[in-house]
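What follows is each chain in one-letter form.
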Number of protein chains: 6
Amino acid sequence: MPAGRVATVTPVSEEAATGKVATIFADIKSTKNIVFVPNLWRVLATNPDHLELVWTRLKAIMHPEAAGRVAKLEPMTREIIALAVSATNGCEYCVNSHTAALRKLGMDVETLGEVLAVVGLFNSTNALADAYQIEPDILPPVE
Amino acid sequence: MPAGRVATVTPVSEEAATGKVATIFADIKSTKNIVFVPNLWRVLATNPDHLELVWTRLKAIMHPEAAGRVAKLEPMTREIIALAVSATNGCEYCVNSHTAALRKLGMDVETLGEVLAVVGLFNSTNALADAYQIEPDILPPVE
Amino acid sequence: MPAGRVATVTPVSEEAATGKVATIFADIKSTKNIVFVPNLWRVLATNPDHLELVWTRLKAIMHPEAAGRVAKLEPMTREIIALAVSATNGCEYCVNSHTAALRKLGMDVETLGEVLAVVGLFNSTNALADAYQIEPDILPPVE
Amino acid sequence: MPAGRVATVTPVSEEAATGKVATIFADIKSTKNIVFVPNLWRVLATNPDHLELVWTRLKAIMHPEAAGRVAKLEPMTREIIALAVSATNGCEYCVNSHTAALRKLGMDVETLGEVLAVVGLFNSTNALADAYQIEPDILPPVE
Amino acid sequence: MPAGRVATVTPVSEEAATGKVATIFADIKSTKNIVFVPNLWRVLATNPDHLELVWTRLKAIMHPEAAGRVAKLEPMTREIIALAVSATNGCEYCVNSHTAALRKLGMDVETLGEVLAVVGLFNSTNALADAYQIEPDILPPVE
Amino acid sequence: MPAGRVATVTPVSEEAATGKVATIFADIKSTKNIVFVPNLWRVLATNPDHLELVWTRLKAIMHPEAAGRVAKLEPMTREIIALAVSATNGCEYCVNSHTAALRKLGMDVETLGEVLAVVGLFNSTNALADAYQIEPDILPPVE
């Protein structure tokens, strides 16, 4: 029987993490209030500098309160954007991750369906607008 | 000097619209409370059945109140999803259209920047998750 | 051993379907002349309004005879387009579904190879045209 | 006023073409029965080996009769696939080019609308299938 | 338990290959210095003409020395480009294949992380440039 | 005559920049050794926190020497990856920007053609591998 996907590099386990990686792993669990380090971060840890760059940026954008910044968007809205992007790109890991995050924030499957109805609709009209090379209606910026 | 893009078919003008197309053009202006028919609909009108299918669906999803349905998402959230999808697909017409819609709903450029920060972030992590073929953390569904 | 993909929501089973969902499930099986409801529709059924919107549109476009409309394209041509889009997007479910539909319509693997040769060719030239930002040859519309 | 797109390299003009490039330019005009060399080929000619590779392959797939091969698909079907791929990728040059080819083969704008209705539909369901990570219905191959 | 992916057509086994297919299979193993024929080629062999077209082109571009051509890029650089494209497209088979090729050429996981950091970065800025429809800075070509 | 693209927000001019934005603008010009601030950064400056996040990350990855880090990749290789990603995504601004960077680093148009031959090739085989849902050959990781 064929097997599912396997990461192309060996993820760094929490036990094996030292130095900068261990510090970031602890910060991920603490900031996200979760008990394990998700696979994304364990894989990125194969290059600690890259792990740091991605985590620093994600933390600033998705956990602004942890960085002392006041965000203009709600956590739910941010995760909805994340799912819309991930669905449009067809990213398996990301769709699973952001759907789980939305469910954890309390979104029911019917509302999820409404989010994805909008995602499906505009993937369609995007293709149509490109297919006909439709000219923009109004020259931006509108200010 | 090189010219910008031109639609691959001649859009149907409001003056030339008759029958089903004229009815839908009127409904678009009324439902969206705008004074002109956007180019997308004028181009789709070259196949009236297709115009009807796309408009019926967009109206149901983006203007649920006009269809007597109670939506679970705010108009602002729906337009944010539309922009996230359009930016991810790189659709020129759609990015212009949905940015204009968000500005009309009152979004300032700084908040727009925050929306796009999330869009940019996850286009990056999507590529990374795919690049490493990272395995999902938890088997969904979580119910 | 790693497992394959699992939908992010629990699909609605045919047995559990009631009301609008049951009616649509029956229409899907009857219109498509199949004995089971494909997973796509069972998952969409978690939001019955969305199920209805997608099915109504797909039925009108892909089963025009059931809607009393005379189509200008052959069923085989429509499924070829569906596969070309799905392959370009890399959609696993959709590639499987539309390849199965083409085989059911009688397409042999050699002809499938010819379809995909065209798909592969233009995914290549699309990237090249974008990579060089090549200007269109003739300003449309050509009428 | 902002200008439209300009290729990132200077296209090779027909007058400046010599050797392999001149031979291929002549073959393109003869095989396609056109009086000028489209911009794609003039740009690719900045690397003559690449020009030859792309043209040889496109000629074999899109002009099989010129290569003494009997194709299983009609020219119209091949151009429909080309447009479906190009619309899905949002490639401006390619959408213009393949729409022009379809018009030249006699497709009217209403049939074009039907082709693009299918393209739009499946860009939507592709996003939905990916968004829910829907499992394939039947394990292929179906033989 | 759900299964992993299965190709939509039955791959041609090395034992069953005859004529043109057997010749190409032998050339693939010899040119690539490998002991088995990768699945991509075994699947393409279901249409021998297509197999020949793809292999001829890949050989010319990726194994120029076998075609008596002097390449301007190193093998490592070519595989890096292949991985960057495959990661951006989210192609599972291709990401696995090109990561394996890079590892075989001696790339360690830390350098792989640096390659993918660049891939991740520009998938992000690409989305941002499209999201804001940013105008090019300088009109090309710069010659 | 139709106009080219216009950014959806008003870019911040160098003259209008103050505080954090002015500091980053100066750092961009100094780090990149250029005499003007590219449009990407002027547009991102409409949200100064986002400008800072993107610039900090790009500087760390693309200008590691400015951050006191020893990179494993050459500047030319990094720009090649950037172009491969941008061409695959069809990002107009990014293709122009990274082609200009490669030309500035000394790449001639023939070598550019070789880079894009690889980009074109794998956009094709990516689509084919997805189109047939080809199973990976070897289970990674190979370590």
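All values derive from a computational prediction rather than experimental measurement. (Residues numbered from 1 in each chain as written. Chains lettered and ligands numbered in written order. Predicted model: local features only at pLDDT ≥ 70, side-chain atom pairs only at ≥ 80, totals over all residues. Heavy atoms only, no water.)

A. Quick peek at the overall build of chain A. The number of helices and strands found in chain A is 6 helices and 0 strands. Listed N to C, the secondary structure of chain A is α-α-α-α-α-α in terms of helices and strands. For chain A, the spread of C-alpha atoms along the principal axes amounts to about 55 × 50 × 30 Å. Buried residues in chain A amount to 60% of all 143 residues. In chain A, 47% of the contacts between residues at least 6 apart in sequence involve partners at least 24 apart. Here chain A has roughly 5,000 Å² of accessible surface; of this, 54% comes from carbon and sulfur atoms. Here chain A holds 12 positive side-chain charges and 16 negative ones, and the gap between their average locations is 9 Å. (Helix = DSSP H or I, 4+ residues; strand = E, 2+ residues; numbered from the N terminus. Buried < 20%, exposed > 50% of the residue type's maximum accessible area, 1.4 Å probe, protein only. Contact = heavy atoms within 4.5 Å. Areas by Shrake-Rupley, 256 points an atom, 1.4 Å probe, with all protein chains shown as cover. Lys, Arg positive; Asp, Glu negative; His and termini not counted. Charge placed at Lys NZ, Arg CZ, Asp CG, Glu CD.)

B. Local environment of the interface of chain B and chain A. Each partner contributes to the interface: chain B provides 69 residues, whereas chain A provides 69 residues. Between the two partners, chain B and chain A, sit 2 salt bridges. Where chain B packs against chain A, one counts 22 residue pairs in polar contact (both at pLDDT 80 or more). Only α2 (39–44), α3 (48–62), α4 (75–89), α5 (92–104) and α6 (109–131) of chain B provide two or more residues apiece to the side of chain B that touches chain A. Per-element tally for the side of chain B that touches chain A: the top contributor is α6(B), with 19 residues. Partitioning the side of chain B that touches chain A into residue classes produces 38 nonpolar, 17 polar and 14 charged. (Salt bridge = Lys/Arg side-chain N within 4 Å of Asp/Glu carboxyl O. Polar contact = N/O pair within 3.5 Å; in protein donor to acceptor, adjacent residues only side chain to side chain. Nonpolar A, V, L, I, M, F, W, Y, C, P; charged D, E, K, R; others polar.)

C. Inspection of the interface of chain F and chain E at higher detail. Counting residues at the interface gives 69 residues for chain F and 69 residues for chain E. With both sides pooled, the region where chain F packs onto chain E buries about 6,500 Å², and carbon together with sulfur makes up 66% of that total. For the pair chain F and chain E, the interface holds 2 salt bridges. Linking E:Arg69 and F:Glu114 is a salt bridge whose minimum nitrogen-to-oxygen distance equals 3.7 Å. Our count for the chain F to chain E interface comes out at 22 residue pairs in polar contact (both at pLDDT 80 or more). Residue assignment for the side of chain F that touches chain E shows that the elements contributing at least two residues are α2 (39–44), α3 (48–62), α4 (75–89), α5 (92–104) and α6 (109–132) of chain F. (Buried area = accessible area lost by both parts, 1.4 Å probe.)

D. Just a nonpolar patch on the surface, in detail. Where nonpolar side chains cluster on the molecular surface, the patch consists of A:Ile138, B:Val35 and B:Phe36 and spans about 300 Å² of accessible area. With respect to the secondary-structure elements, B:Phe36 resides in the loop between α1 (19–32) and α2. (Patch = residues over 30% accessible without salt bridge, like charges linked within 9 Å, V, L, I, M, F, W, Y side chains within 5 Å.)

E. Up close: the environment of F:Asn96. Here F:Asn96 lies in helix α5. C-alpha of F:Asn96 to C-alpha of F:Val54: the two residues are 42 residues apart in sequence and 19 Å apart in space.

F. Highlighting unusual backbone geometry. Non-glycine residue C:Asn33 carries a positive phi angle of around 55 degrees. Secondary-structure assignment places C:Asn33 in the loop between α1 (19–32) and α2 (39–44).

G. Examining the pattern of salt bridges more closely. Summed over the entire model, instances satisfying the criterion amount to 36 salt bridges over all chains. Here D:Glu52 ties to D:Lys20 by a salt bridge, and the two come within 2.9 Å at their closest N and O atoms. Of this pair, D:Glu52 sits in helix α3 (residues 48–62) while D:Lys20 sits in helix α1 (residues 19–32), and the two are 32 residues apart along the sequence. Looking at D:Glu52, the relative accessible area reads 34%, which means it is partly exposed. A relative accessible area of 34% means that D:Lys20 is categorised as partly exposed. Here E:Glu14 makes a salt bridge to E:Lys29, at a shortest N to O gap of 2.6 Å. Of this pair, E:Glu14 sits in the segment before α1 (19–32) while E:Lys29 is found in helix α1, placing the two residues 15 residues apart along the sequence. Each of A:Lys20, A:Asp49, A:Glu52, E:Glu114 and F:Arg69 takes part in a single network of salt bridges with overlapping partners.

H. Inspection of the side chain of E:Arg78 at higher detail. Along the polypeptide, E:Arg78 turns up in helix α4 (residues 75–89). The buried charged residue E:Arg78 lacks any salt bridge, with E:Glu65 as its nearest oppositely charged partner at 4.6 Å. Among residues more than four places away in sequence, those in contact with E:Arg78 are E:Ile61, E:Met62, E:Pro64, E:Ala71, E:Leu73 and F:Val118.

I. Molecular detail of the packing of α4(B) against α5(B). All names here are of chain B. One can describe the packing of α4 onto α5 by two numbers: an axis separation of 9 Å at closest approach and a directional angle of 155 degrees. One finds that α4 runs roughly antiparallel with respect to α5. Crossing of α4 over α5 shows left-handed handedness. Every residue of α5 that contacts α4 at Met 76, Glu 79, Ile 80, Ala 82, Leu 83, Ser 86 and Ala 87 is listed here: Cys 94, Val 95, His 98, Thr 99, Ala 101 and Leu 102. Residues belonging to the contact of α4 with α5 are distributed by class as follows: 9 nonpolar, 3 polar and 1 charged. (Axes fitted to C-alpha atoms, helices over the stretch in contact; angles between N-to-C directions. Parallel < 35°, antiparallel > 145°, perpendicular 65-115°, else oblique. Left-handed = near helix turned anticlockwise from the far one by under 90°.)

J. Spotlight on α1(D). Residue and element names in this part refer to chain D. Helix length check: α1 (14 residues) gives 20 Å between terminal C-alpha atoms against 20 Å at 1.5 Å per residue, within 8%. Among the residues making up α1, those that are buried are Val 21, Ile 24, Phe 25, Ile 28 and Thr 31. Within α1, the buried residues cover an arc of 140 degrees as seen down the axis, which keeps them to one side. Along α1, the residues that are exposed and aim more than 90 degrees away from the buried face are Gly 19, Thr 23 and Ser 30. For α1, the elements touching its buried residues are α2 (39–44) and α3. Looking one or two residues past α1, Asn 33 carries a phi angle of roughly 55 degrees, positive in sign. (Expected span 1.5 Å × (residues − 1). Arc of directions from axis to C-beta.)

K. Highlighting the relation of the copies chain F and chain E. Aligned on chain E, chain F shows an RMSD of 0.0 Å; the corresponding rotation is 180 degrees and the shift along the axis is 0.0 Å. With respect to symmetry, the two chain copies, as superposed, fit the operation of a two-fold axis. The fraction of interface residues of chain F whose copies in chain E are also interface residues reaches 100%, indicating that both copies meet through the same surface. (Least-squares fit on C-alpha atoms with pLDDT ≥ 70 in both.)

L. Focus on the state of the cysteines. Residues and elements named next belong to chain C. A full pass over the atoms with the stated rule returns 6 disulfides over all chains. Here Cys 91 connects covalently by a disulfide to Cys 94, the sulfurs 2.3 Å from one another. The sign of the 45 degrees torsion about the S-S bond sets the Cys 91-Cys 94 disulfide as right-handed. (Disulfide = S-S within 2.5 Å.)

M. Broad picture of the relation of the copies chain B and chain A. For the pair chain B and chain A, the superposition axis carries a translation of 0.0 Å, the fit reaches an RMSD of 0.0 Å, and the rotation angle comes to 180 degrees. The share of interface residues of chain B whose copies in chain A are also at the interface is 100%, consistent with both copies meeting through the same surface.

N. Region of interest: helix α3 (residues 48–62) of chain E. Between its first and last C-alpha atoms α3(E) spans 20 Å; for 15 residues at 1.5 Å apiece the expected length is 21 Å, and the two agree. Every buried residue belonging to α3(E) is among E:His50, E:Leu51, E:Leu53, E:Val54, E:Trp55, E:Arg57, E:Leu58, E:Ala60, E:Ile61 and E:Met62, and all of these are buried. Looking at the buried positions of α3(E), the neighbouring elements they touch are α6 (109–132) of chain C, α3 of chain D, α1, α2 (39–44) and α4 of chain E together with α6 of chain F.

O. Focus on the confidence of the model for chain A. Residues of chain A with pLDDT of at least 70 account for 94%, and the chain-wide mean is 93. This prediction of the complex comes with two scores: 0.96 for pTM and 0.94 for ipTM. (pLDDT = per-residue confidence, 0-100.)

P. Geometry of the nonpolar core. Counting 300 residues, the largest nonpolar core has A:Trp41, B:Trp41, C:Trp41, D:Trp41, E:Trp41 and F:Trp41 as its most contacted members. Excluding residues within four positions of it along the chain, A:Trp41 makes contact with A:Phe25, A:Ile28, A:Lys32, A:Leu51, A:Val54, A:Trp55 and A:Leu58. (Core = buried A, V, L, I, M, F, W, Y, C linked by side-chain atoms within 4.5 Å.)

Q. Spotlight on the environment of F:Ala66. Residue and element names in this part refer to chain F. Assignment of secondary structure puts Ala 66 in the loop between α3 and α4. The spacing of Ala 66 and Thr 31 is 35 residues in sequence and 7.1 Å in space, taken between C-alpha atoms. Ignoring any residue separated from it by four or fewer positions in sequence, one finds Ala 66 in contact with Thr 31 and Lys 59.

R. Layout of the packing of aromatic side chains. Residues and elements named next belong to chain E. The final tally for this structure, using the stated rule, is 6 aromatic pairs over all chains. For the pair Trp 41 and Trp 55, a centre-to-centre distance of 5.3 Å together with 85 degrees between the ring planes defines the contact as edge-to-face. Of this pair, Trp 41 sits in helix α2 while Trp 55 sits in helix α3, placing them 14 residues apart in sequence. Accessibility classification places Trp 41 together with Trp 55 in one group, the buried group. (Phe/Tyr/Trp six-rings, centres within 6.5 Å; stacked < 30°, edge-to-face > 60°.)

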